[in-house]
Amino acid sequence: LIRMLSESSKMAGEDIKMANKQSIMDKRWDIGVVLAPSVTDRRFNMGGGVAIAYHISKKLSVGSGVSVVDLGLRQGPPQSNQNALASPAMLNSESPVLSAKSSESKELTSVNTNWLALDVPIDIKYHISRQFYASAGVSFFAILNENRTNNYITHTPTNRTVQNADGYSFAQQEFEVKNVSEKTDETPFEGNSYSGFLNFSVGRKVPLSKRVGVSVEPFFKLPIGKLSREDMNLRYGGVRII
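Being a predicted model, the structure only gives us computed values, none of them experimental.

Quick notes on the rules
Residues numbered from 1 in each chain as written. Predicted model: local features only at pLDDT ≥ 70, side-chain atom pairs only at ≥ 80, totals over all residues. Heavy atoms only, no water. Helix = DSSP H or I, 4+ residues; strand = E, 2+ residues; numbered from the N terminus. Contact = heavy atoms within 4.5 Å. Areas by Shrake-Rupley, 256 points an atom, 1.4 Å probe, with all protein chains shown as cover. pLDDT = per-residue confidence, 0-100. Buried < 20%, exposed > 50% of the residue type's maximum accessible area, 1.4 Å probe, protein only. Lys, Arg positive; Asp, Glu negative; His and termini not counted. Salt bridge = Lys/Arg side-chain N within 4 Å of Asp/Glu carboxyl O. Core = buried A, V, L, I, M, F, W, Y, C linked by side-chain atoms within 4.5 Å.

1. Overview of the overall build of the protein chain
Move 1: Counting its regular elements, the protein chain contains two helices and ten strands.
Move 2: The secondary structure elements of the protein chain, listed N-terminal to C-terminal, are α-β-β-β-β-α-β-β-β-β-β-β.
Move 3: Excluding contacts between residues fewer than 6 apart, the proportion of contacts in the protein chain whose partners are at least 24 apart in sequence is 66%.
Move 4: Here the protein chain displays about 15500 Å² of accessible surface, and carbon together with sulfur accounts for 58% of that area.

2. What about the confidence of the model for the protein chain?
Move 1: Averaged over every residue, the pLDDT of the protein chain is 81; the share at 70 or more is 76%.
Move 2: No element of the protein chain has a lower mean pLDDT than helix H2 (residues 96–101), at 42, and none a higher one than strand S9 (residues 213–223), at 96.
Move 3: Here residues 18–25 is a poorly scored stretch, pLDDT under 50, and it has zero contacts once near neighbours within four places are set aside; other chains count.
Move 4: Note that residues 82–101 has pLDDT below 50 and, in this model, 19 contacts with residues that lie over four places away or in other chains.

3. Examining the side chain of Lys-125
Move 1: The topology assignment puts Lys-125 in strand S5 (residues 105–127).
Move 2: This buried residue, Lys-125, is left without a salt bridge; Glu-217 holds the nearest opposite charge, at 4.5 Å.
Move 3: In this view, Lys-125 contacts Lys-59, Leu-60, Ser-61, Tyr-133, Ala-134 and Ser-135; residues no more than four positions away in its chain are not counted.

4. Quick notes on the nonpolar core
Move 1: Counting residues in each nonpolar core, the largest one holds 17 residues, and the members touching the most others are Leu-71, Trp-115, Phe-141, Ile-143, Leu-227, Leu-234 and Tyr-236.
Move 2: Elements with a minimum of two residues in this core: strand S4 (60–75), S5, strand S6 (132–163) and strand S8 (193–207).
Move 3: Of the residues forming this core, the biggest block, three residues, is contributed by S4.

Now the structure itself:
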């Protein structure tokens, strides 16, 4: 009987050790669902996905995950197009080139680009206290779908009948200026992947129970590598709710 009680006690002790070890391992991992509204210089954007983090120590953790991001961006015209046309001040009947052609001209001013992309971050998070933390890292960026709209200024020649001081009527050539947008099939970024952004954020944890909580995390993303050399403003920021 004593031997049976001793063995039972040992088994109970081992079960407690295993439970404690499992509890410690559970506390090292965080898994969450992410909602991430953001703002670019063109429009309000939405994104979301999943996040996972492993606690190296009480102060440090490593995080990753995957998010789907919908971004609206604005791109400037190609350098070769910027001086393609005369300035509006030159568009009159005294311009020998334009009056000789007497045809509509079109100048590309900007490109609106919409991206649907996957964002895979690798971040190091420093826990300032139980509630507050700061994070920095990089994101790998893969563009799944791209839609582009070209914005133009058009100059269309028109004739206006005017009368001089002597009462004679004559036709004077003028140019009607309009802003026109046209969709294009060009997708230079679609299907490409980039080591695209530096990530910076700060956050606060709000516990709801022993196992569930909410983090509110303002963030900012700065393009690096090839994306930083593109003729568009790719810096953007927002708030993650995890």
